[in-house]
Every structure is written in C-alpha cells, then in structure tokens.
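Overview (structure and organization)
Here is how the chains run, residue by residue.
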Amino acid sequence: MNSYASLCDDFGVSTYVHGKLEMPTGRETVLHFFEAVQKVAPKMTEFEKRSDTEYMLEEDRESGSYRWTSLDHRRLSAGFVNPPTLEDADQHNERVLEIAPYHLDLNGMQTESMDVLYYFDFLYQGNHDEVVAEALTSGTPLEGLVQVPAARVLHYQPTMMLALDDACQLQARLSIETRTNAYQVRTNSFPESPVTVYFTVRQFWGKQPFKSFAESYHNQRRVLDELVSTYVVPQVINPLAKAISAKQ
C-alpha cells in the first residue's frame, strides 16, 4: 500500500475539472463517455444516475479500494479510494482526463480550473472539533481557549489558502471537515464518523503553461505531494492521528 494509507483509516486521490459552461448531459454522450472509461477499467461496473444532472461510475466499494468517475452539469470528477500505489491513482485519473476531451467536447476555453487533491479520513467516536483543536492549537495563541474550564469546543474547522505563483493561478488549500454537532456535544453521544483532512492544488485555466489536462495533472500532483509530505503530514496529519489515538 502507499505510504499515506498507513497514516489514516482511508486515503484518496481525486481530480476535478470545473467548467465555465455546462457539461454535455445528452444520453448518448454520457453513455459513450462512461463506456470509454469502462473499456480501460473493466472492473468499473457500478453505474448510477444520482440526479437529473449527475452520473457516477465506480468499482465495487466492498473491497475498500476502488476507482470512481462522475459527471455533473459543471464538473468532471475522478478518483481512487485507497489506491494500492499513488501511480495507480495517477493512471486512472490521467486516463479519464485524456478520454474526456474526445467524448465531452471538453477544452481549455470552457475550463475554469482543475483541482488535484489528497484526502485523509480518521474514524473517531467523539467530539471531532475538540480533538482537532487539541491537535492543532497546541503551542499557539489559541491553546488557552481550548483549555477554558468547563468549556467544550463546538466548531473548529481550520482552512488556509496559499498562492503558489505570482499571478495566483496556482493555489493550494488546506481544509479540515468535522462532523460533530451541538446536539451530540450536549448529550455526549457521538457516532463513529470520519474527520477529514483535505489538501488541494488548484490550477486556474487560461494562462497556464500546460497543453493538456493530463499534463497539468502531472504537475499539480507533483506539487501536491511535495507540500503534503513536507508540511501537511508532519504538522497536521501526524498530530491529529496522535490526538485521536490518545483518546481511543
């Protein structure tokens, strides 16, 4: 398994192409696109129409490791949950990005941006916001608030965005999603659910130096991996994993 999978309960690599115009939603176009994806990934057999404008094709989730692709009216998405290696995730995402322009008439002019992201899920049965605050405010000016007597943290979902070039065309975003509400805190009754750490590298289109989506993906994934391995893992992932482990 890839090294990131050992740090959390579930790990995924995803890519999202955001369009300026609506994506094609005609029956034949949609089916031809997903059939083309299925030809290069025959195990992707689970097809679902989730709404009038959203379609999903994925592998069986029961194995715990599966590929997926979705299309809605303004976005093309693909990803690999718990990929055996990062190269496996790259292969799937890049193939979808290579197929899409031919079947969906997708081109740079109508593209707003493209995201490549990692996400890390930590299953935890307790106050998500509290454990995130304890993990990430230690040694900061906010640490005292977390330690106010009789106080309980109700909301702590830190987000940070970075511009990675002078034109702000390449950006990175860290966000943490918690799933605890005030009722659960009040009753001290918490279901087991994931705390999720997302780290995204976004390339705005138009003035980017890349000729294809796959080429941009390769660069974004490289930048993403450098930032995650150097900063996010030691400063966010590891402290959060340690804080959750100490409470279980």
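Residues numbered from 1 in each chain as written. Predicted model: local features only at pLDDT ≥ 70, side-chain atom pairs only at ≥ 80, totals over all residues. Heavy atoms only, no water.

Brief notes about the environment of Asp121
Filter applied, for reference: Helix and strand assignments follow DSSP, with helices taken as H or I runs no shorter than four residues and strands as E runs no shorter than two, numbered in order from the N terminus. Using a 1.4 Å probe on the protein chains alone, a residue whose accessible area is under 20% of its type maximum counts as buried, one over 50% counts as exposed, and one in between counts as partly exposed. Residues count as neighbours in contact if any of their non-hydrogen atoms are within 4.5 Å of one another.
Along the chain, Asp121 turns up in strand 6 (residues 111-124). Among the residues examined, Asp121 registers a relative accessible area of 14% and is labelled buried. It is 31 Å that separates the C-alpha atoms of Asp121 and Glu35, two residues lying 86 residues apart in sequence. Discounting residues that sit within four places of it in the chain, Asp121 has contacts with Cys8, Asp9, Asp10, Pro194, Val195 and Thr196.

What to know about the packing of aromatic side chains
Put simply, the test is: Only the six-membered ring of Trp is used, alongside the rings of Phe and Tyr, when aromatic pairs are assigned; centres must lie within 6.5 Å, and planes under 30 degrees apart are stacked while those over 60 apart are edge-to-face, with the rest tilted.
Enumeration over the complete set of coordinates arrives at eleven aromatic pairs. Each ring, one from Phe47 and one from Tyr55, has its centre 6.4 Å from the other, and the planes form 10°; the classification is stacked. A relative accessible area of 40% means that Phe47 is categorised as partly exposed. One aromatic cluster is present, formed by Tyr4, Phe11, Tyr118 and Phe120 through successive ring pairs.

Notes on the pattern of salt bridges
Basically, it comes down to this: Salt bridges are defined by distance alone: a side-chain nitrogen of Lys or Arg within 4 Å of a carboxyl oxygen of Asp or Glu.
The full count for this structure, using the stated rule, is ten salt bridges. For Arg75, the salt bridge identified is with Asp72, shortest N-O distance 3.9 Å. Classification of Arg75 as partly exposed rests on a relative accessible area of 31%. A salt bridge links Glu226 to Arg222; its shortest N-O distance comes to 3.3 Å. Of this pair, Glu226 and Arg222 both sit in helix 6 (residues 213-247), four residues apart, which is roughly one turn of the helix. Judged by relative accessible area, Arg222 falls into the partly exposed class, the value being 41%.

Quick look at the pairing of strand 8 (residues 170-177)
Spelled out, the test is: By this definition, two strands are paired if DSSP reports at least two bridges between them.
The element strand 8 is extensively covered by neighbouring structure, given that six of its eight residues are classed as buried. Judged from the five bridges that link them, strand 7 (residues 159-163) and strand 8 form a sheet pairing that is antiparallel. Opposite Ala163, over in strand 8, you have Gln171 as the bridge partner. Counting the residues that bridge the hairpin from strand 7 to strand 8 gives six residues, and of these Cys168 lies at a positive phi of roughly 60°. Pairing of strand 8 with strand 9 (residues 193-204) involves eight bridges; the strand directions are antiparallel. In the strand pairing of strand 9, Ile176 is matched with Val197.

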